[in-house]
Amino acid sequence: MAAPSFLGWDFSTQQLKVIAIDEHLRVIYEDNVNFDKDLPEFKTQGGAHVHGDRLTVTSPVLMWVKALDMILEKMKSSGFNFSQVRALSGAGQQHGSVYWKKGSIQILKNASPKLPLHQALKACFAISDSPIWMDSSTASQCSALENAVGGAQRLANITGSRAYERFTGNQIAKIYNQNPEVYAQTERISLVSSFAASLFLGAYAPIDYSDGSGMNLLQIWDKSWSASCLDACAPELVEKLGNPVPSHSVLGSISPYYIQRYGFSPDCKIVAFTGDNPASLAGMRLEEGDIAISLGTSDTLFLWIREPTPALEGHILCNPVDSQTYMALLCFKNGSLMRERIRNECASGSWDEFSKALSSTVAGNNGNLGFYFDVMEITPEAVGVHRFNSDNQKVLNFPKEVEIRALIEGQFMAKRIHAEKLGYKVMPQTRILATGGASHNKKILQVLSDVFNAPVYTIDTANSACLGSAYRAIHGLVAETNVPLADVVKLAPEPRLAVTPTAGAEELSFRLESWLPPQITAAQ
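In the nomenclature of an unreviewed UniProt entry, the protein corresponds to Xylulose kinase from the organism Gallus gallus. Per UniProt, the comment on the protein under Function (unreviewed entry) is "Phosphorylates D-xylulose to produce D-xylulose 5-phosphate, a molecule that may play an important role in the regulation of glucose metabolism and lipogenesis." Of the comments in the UniProt record for the protein, the one headed Sequence similarities (unreviewed entry) reads "Belongs to the FGGY kinase family."

> Residues and numbers for the overall build of the protein, please.
Looking only at helices and strands, the protein features 21 helices and 24 strands. Projected onto the principal axes, the alpha-carbon positions of the protein cover approximately 75 × 55 × 45 Å. Counting only residues that meet the buried cut, the protein has 60% of its 524 residues in that class. Nonlocal contacts in the protein, meaning residues at least 24 apart in sequence, comprise 72% of its contacts between residues at least 6 apart. Per element, the accessible surface of the protein, about 20,200 Å² overall, is 51% carbon and sulfur. Where the 45 positive side-chain charges of the protein centre and where its 52 negative ones centre are 4 Å apart.

> Can you break down the sheet that holds strand S20 (residues 384-388) residue by residue, with the values?
Pairing is antiparallel in the open sheet, where three strands are placed in the order S19-S20-S21. Bordering the open sheet on either side are strand S19 (369-373) and strand S21 (394-395), each of which pairs with just one other strand. Both S19 and S20 contribute to a ladder of five bridges, which runs antiparallel. The partner of Tyr372 across the bridge, within S20, is Val385. Contacting S19 and S20, helix H17 (residues 400-421) runs over the sheet at an angle of about 75 degrees to S19.

> Any chance you could break down the sheet that holds strand S8 (residues 129-131) for me, citing the residues and the numbers?
Pairing is antiparallel across the open sheet formed by three strands, whose spatial order is S4-S5-S8. The open sheet terminates on both sides in strands that have one partner only, identified here as strand S4 (49-50) and S8. Here S4 pairs with strand S5 (residues 57-60) via two bridges, running antiparallel. Within S5, the position partnered with Val50 by the bridge is Val57. Where helix H2 (residues 61-77) meets the sheet, it contacts S5 and S8, and its direction lies at approximately 40 degrees from that of S5.

> Could you give me a rundown of the pattern of salt bridges, with the residues and numbers involved?
In the structure shown here, the tally under the stated rule is 18 salt bridges. Between Asp299 and Lys415 there is a salt bridge whose closest N-O contact spans 3.1 Å. Taken together, the residues Asp299 in strand S16 (residues 299-305) and Lys415 in helix H17 connect sequence positions 116 residues apart. A salt bridge links Arg341 to Asp374, with the nearest nitrogen and oxygen atoms 2.6 Å apart. Taken as a pair, Arg341 in helix H15 (residues 336-346) and Asp374 in the loop between S19 and S20 lie far apart in primary sequence, 33 residues in all. Given the relative accessible area of 25%, Arg341 is considered partly exposed. Residue Asp374 is classed as partly exposed on the basis of its relative accessible area, which comes to 39%. Because the salt bridges share partners, they merge into one network encompassing Asp299, Arg339 and Lys415.

> If you had to explain the pairing of strand S9 (residues 186-191) to someone new, which residues and values would you point to?
Here S9 lies mainly inside the structure; five of its six residues are buried. Judged from the five bridges that link them, strand S7 (residues 97-101) and S9 form a sheet pairing that is antiparallel. Each residue of the ladder has a partner; that of Tyr99, found in S9, is Ile189.

> So what's going on with the UniProt feature "domain: Carbohydrate kinase FGGY N-terminal" (unreviewed entry) in the protein? Which residues, and what values?
Under the feature "domain: Carbohydrate kinase FGGY N-terminal" (unreviewed entry), the UniProt entry names residues 132-283. With 51% helix and 12% strand, residues 132-283 has end C-alpha atoms that lie 23 Å from one another.

> Which residues make up the nonpolar core, and what values go with them?
Among the nonpolar cores identified, the biggest contains 75 residues, and Ile172, Leu217, Leu237, Leu241, Leu303, Phe354 and Leu448 are the most heavily contacted of them. The biggest single contributor to this core is H17, with nine residues. What Leu217 contacts, discounting residues up to four positions off in sequence, is Thr159, Gly169, Ile172, Ser224, Trp225, Ser226, Cys229, Leu230, Cys233, Leu237 and Leu241. Residues Leu39, Phe42, Leu68 and Leu201 belong to the second largest nonpolar core, which totals 53 residues.

> I'd love a proper account of the side chain of Ser59, names of residues and values included.
If you trace the backbone, Ser59 turns up in strand S5. Residue class for Ser59 comes out buried when judged on its relative accessible area of 0%. Every residue in contact with Ser59, bar those within four places of it in the chain, is listed here: Gly47, Ala48, Trp64, Ser128, Asp129, Ser130 and Ile132.

> Would you mind going over the environment of Lys442 in detail, with residue names and values included?
Considering the arrangement of structural elements, one finds Lys442 in helix H18 (residues 442-452). The spacing of Lys442 and Phe273 is 169 residues in sequence and 36 Å in space, taken between C-alpha atoms. Leave out the neighbours within four places in its chain, and Lys442 touches Ala498 and Val499.

> Lay out the environment of Ala234 with the relevant residues and their values.
By the element assignment, Ala234 lies in the loop between helix H11 (227-233) and helix H12 (237-241). As for Ala234 and Arg343, which are separated by 109 residues in sequence, their C-alpha atoms are 50 Å apart. The residues contacting Ala234, other than those within four sequence positions of it, are Ile172, Tyr176 and Tyr183.

> Account for the pairing of S20, with residues named and values stated.
Where S20 and S21 come together, two bridges link them in antiparallel fashion. Its bridge partner being in S21, Phe388 is matched across the sheet by Lys394.

> Which residues make up the packing of aromatic side chains, and what are the values?
A complete count under the given rule lists 20 aromatic pairs for this structure. Judged by centre distance (4.8 Å) and plane angle (35 degrees), the ring pair of Phe82 and Phe264 falls under tilted. On the criterion of sequence distance, the pair formed by Phe82 in the loop between H2 and strand S6 (85-92) and Phe264 in the loop between helix H13 (256-262) and strand S13 (269-271) is long-range, its members being 182 residues apart. Overall, Phe82 belongs to the buried group, its relative accessible area being 2%. The buried category is assigned to Phe264, whose relative accessible area is 2%. Judged by centre distance (5.8 Å) and plane angle (45 degrees), the rings of Trp100 and Phe195 are tilted. Of this pair, Trp100 sits in strand S7 while Phe195 is found in helix H9 (residues 192-201), placing the two residues 95 residues apart along the sequence.

Calculation rules
- Residues numbered from 1 in each chain as written.
- Predicted model: local features only at pLDDT ≥ 70, side-chain atom pairs only at ≥ 80, totals over all residues.
- Heavy atoms only, no water.
- UniProt positions renumbered as here; feature names shortened; annotations may be inferred.
- Helix = DSSP H or I, 4+ residues; strand = E, 2+ residues; numbered from the N terminus.
- Buried < 20%, exposed > 50% of the residue type's maximum accessible area, 1.4 Å probe, protein only.
- Contact = heavy atoms within 4.5 Å.
- Areas by Shrake-Rupley, 256 points an atom, 1.4 Å probe, with all protein chains shown as cover.
- Lys, Arg positive; Asp, Glu negative; His and termini not counted.
- Charge placed at Lys NZ, Arg CZ, Asp CG, Glu CD.
- Pairing = 2+ DSSP bridges.
- Axes fitted to C-alpha atoms, helices over the stretch in contact; angles between N-to-C directions.
- Salt bridge = Lys/Arg side-chain N within 4 Å of Asp/Glu carboxyl O.
- Core = buried A, V, L, I, M, F, W, Y, C linked by side-chain atoms within 4.5 Å.
- Phe/Tyr/Trp six-rings, centres within 6.5 Å; stacked < 30°, edge-to-face > 60°.

Okay, structure coming up:
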């Protein structure tokens, strides 16, 4: 008897990925389809079409469907045993939207297993190219939405974020404004995640709470659509969106199409799909009080929060693995490129020299602190380099080793302060899970540990959204009995402890915190 398996899908910007895991959470199959390389007929670059205005960015809907056909055929050719798949779930790039034409539900439901799905569905979409998260063409719609509800902070209080151009509500408003006839032809609007789930379900899958939080439309507190936000975007929107559901919901059994064409079991369950960032939170197995920090070109923080306080910076989303709590996302543009510039100027381009400089200076940098923003920062909105000495006076330069520590402490202190503004609290059990290029540098991680006064672990997140989707497929089968995800994923590899706080770190983080906010204001 073959062992049961679970599938996790990731419909990301540049590729479609799949992972199969067994009951012991071991990866037994993985594959991907790269949109540019494997589907050149769609003429995408990086999986998208950037339009002439450089603001409008879209992706072809049928490209995503054809990629699913391709990957399932590859799995079939390799001898993958679909009949043992107990459940599947998935992730989609956040904010993107798909517009199903009136009558499409019947075509989806009755797709012939003799045809690839992209052929069966070719006439189903009112818009052939979906707006995606890279789009920034909706500035006027964002202003209108904020004005309609009483301002940016009021919108954040309702939906978890101020108005963002990539957020789905503003994209829907633009389509309604510019193409009312296309909007009128649309019977259902899906997110990329719920669209992908619909393909497996053979029916329109609902939007889940977590990905739904990235639309500027969902009231994150009572997890229902905000009437004032919907009305500000387009008419009859509640019918076109359907009712949102908890992220762990079992939506139903797999469509007969997959049973007949690929040999899936009729008992295979579809667990609600969610956004790629929420799915990554599941893949990294965050628990309450934890923070994941991705130290890349931009630095991104994922936080698990019980009582969030939405702000004008960052995003609060419903937590995909615990309906009673929330997750927050914070993005900082000045990440690795900023660290590399200071390394080149102050450490002869050597990370070893950079690390030695961090070792030769004390935590707290004797009161010297800097903010380093080569490009306009998102959090806070500031640009330029701003250095302050221990008397809080602005200075033009620091000695090289002081500059290096000022950069790293300043970067991490800003992260802690903005996290706390969103309601995050460092707890006794807090773990910081670090990933990305700089997570390989132990001295940088030591500063991170000291600033947050918490141990830092490193994790491998190469496929965190995909793996998180597979974990969520297993969790969905037991979630109704209040089993937490943490219990389901006990057998997964543990994060590796990298560093613990230096003695006295608590005092350092308190001291830095007490005088950093005025400096951020001064930096602006």
